[in-house]
Amino acid sequence: MTRLVNRDRSLEELERDRWPAPSGDVTRLVATVHALRRKPIGELTVEDLRLLVRQDVGLTYVLPVALEVLRDDPMTEGDMYEGDLLAAVLTRSPEVWSGSPELGRELRLIVSELSDLTPFLKQD
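Structure report, in brief. (Residues numbered from 1 in each chain as written. Predicted model: local features only at pLDDT ≥ 70, side-chain atom pairs only at ≥ 80, totals over all residues. Heavy atoms only, no water.)

## Some words on unusual backbone geometry
Move 1: The phi dihedral of Arg-16 is positive, around 55°, even though this residue is not glycine.
Move 2: A positive phi angle is found at Asp-56, which is not glycine, with a value near 55°.
Move 3: Checked against the element boundaries, Asp-56 lands in the loop between α3 (46-54) and α4 (59-72). (Helix = DSSP H or I, 4+ residues; strand = E, 2+ residues; numbered from the N terminus.)

So this is what it looks like as structure tokens:
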């Protein structure tokens with residue numbers, strides 16, 4: 001069973017943690033992550049989810065949503081390549097999955113149903 005997420009709320013609201021505004025000399029990645037933390041969860045795109053997962057930001061709330069997307073289309077893609085969201089999810093640390101065993105089981109089920117993985121995903 002995955003965690004129910006209030007999709008009208010942002011990561012900042014859900015985590016009750018407002019990050020200070022980034023300085024003017026931050027990278028585009030840092031600025032983007034800061035902006036995504038203020039976006040309602042229900043408005044995050046596949047690329048937004050991929051980026052947040054890769055950066056280990058808000059995983060408690062983002063991973064259940066990412067797994068819902070992957071359940072519908074495991075090979076969905078953000079801006080990188082086919083299956084990039086799945087690759088982002090697969091490469092999270094073992095501690096993430098031990099802390100959320102139900103999500104780990106769901107991920108294993110999604111992967112077990114795939115018959116033709118790309119070389120990148122086989123490696124992950």
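## Things to note about the packing of α4 against helix α7 (residues 101-112)
Move 1: The contact between α4 and α7 brings their axes to 10 Å, and the two run at 20°. In terms of axis orientation, α4 runs roughly parallel to α7. At the point where α4 passes α7, the crossing takes the left-handed sense. Seen from α4, the contacting residues are Leu-63, Pro-64, Leu-67, Leu-70 and Arg-71; seen from α7, they are Leu-103, Glu-106, Leu-107 and Ile-110.
Move 2: For the contact of α4 with α7, the per-class residue count stands at seven nonpolar, no polar and two charged. (Axes fitted to C-alpha atoms, helices over the stretch in contact; angles between N-to-C directions. Parallel < 35°, antiparallel > 145°, perpendicular 65-115°, else oblique. Left-handed = near helix turned anticlockwise from the far one by under 90°. Contact = heavy atoms within 4.5 Å. Nonpolar A, V, L, I, M, F, W, Y, C, P; charged D, E, K, R; others polar.)

## Points about the nonpolar core
Move 1: If you look at the biggest cluster of nonpolar residues, it comprises 32 residues, and the most contacted ones within it are Ile-41, Leu-52 and Val-89.
Move 2: Looking at this core, the element that brings in the most residues is α4, giving eight residues. (Core = buried A, V, L, I, M, F, W, Y, C linked by side-chain atoms within 4.5 Å. Buried < 20%, exposed > 50% of the residue type's maximum accessible area, 1.4 Å probe, protein only.)

## As for the side chain of Arg-50
Move 1: Examined against the element boundaries, Arg-50 turns out to sit in helix α3.
Move 2: Side-chain polar atoms of Arg-50 contact the side chain of Glu-47, separated by 2.6 Å.
Move 3: When sequence neighbours within four positions are dropped, the list of residues in contact with Arg-50 reads Met-80, Asp-84, Leu-85 and Ala-88. (Polar contact = N/O pair within 3.5 Å; in protein donor to acceptor, adjacent residues only side chain to side chain.)

## Here we look at a negative patch on the surface
Move 1: A surface patch of negative charge is lined by Asp-72, Asp-73, Glu-77, Asp-79 and Glu-82.
Move 2: Turning to its location among the elements, Asp-73 is positioned in the loop between α4 and α5 (84-90).
Move 3: With relative accessibility at 38%, the residue Asp-73 sits in the partly exposed group. (Patch = residues over 30% accessible without salt bridge, like charges linked within 9 Å, V, L, I, M, F, W, Y side chains within 5 Å. Areas by Shrake-Rupley, 256 points an atom, 1.4 Å probe, with all protein chains shown as cover. Salt bridge = Lys/Arg side-chain N within 4 Å of Asp/Glu carboxyl O. Lys, Arg positive; Asp, Glu negative; His and termini not counted. Charge placed at Lys NZ, Arg CZ, Asp CG, Glu CD.)

## Details of the environment of Val-111
Move 1: Along the chain, the position of Val-111 falls in helix α7.
Move 2: For the pair Val-111 and Val-53, spaced 58 residues apart in the sequence, the C-alpha separation amounts to 17 Å.
Move 3: With residues near it in sequence (within four places) discarded, Val-111 still touches Leu-86 and Leu-90.

## Examining α3
Move 1: Of all the nine residues making up α3, eight are buried; the element is thus mostly covered by neighbouring parts of the structure.
Move 2: Taken residue by residue, α3 has Val-46, Glu-47, Asp-48, Leu-49, Arg-50, Leu-51, Leu-52 and Val-53 as its buried positions.
Move 3: Contacts from the buried residues of α3 go to α1 (11-15), α2 (28-37), α4 and α5.
Move 4: The positive-phi residue at the C-terminal boundary of α3 is Asp-56, with phi of around 55°.

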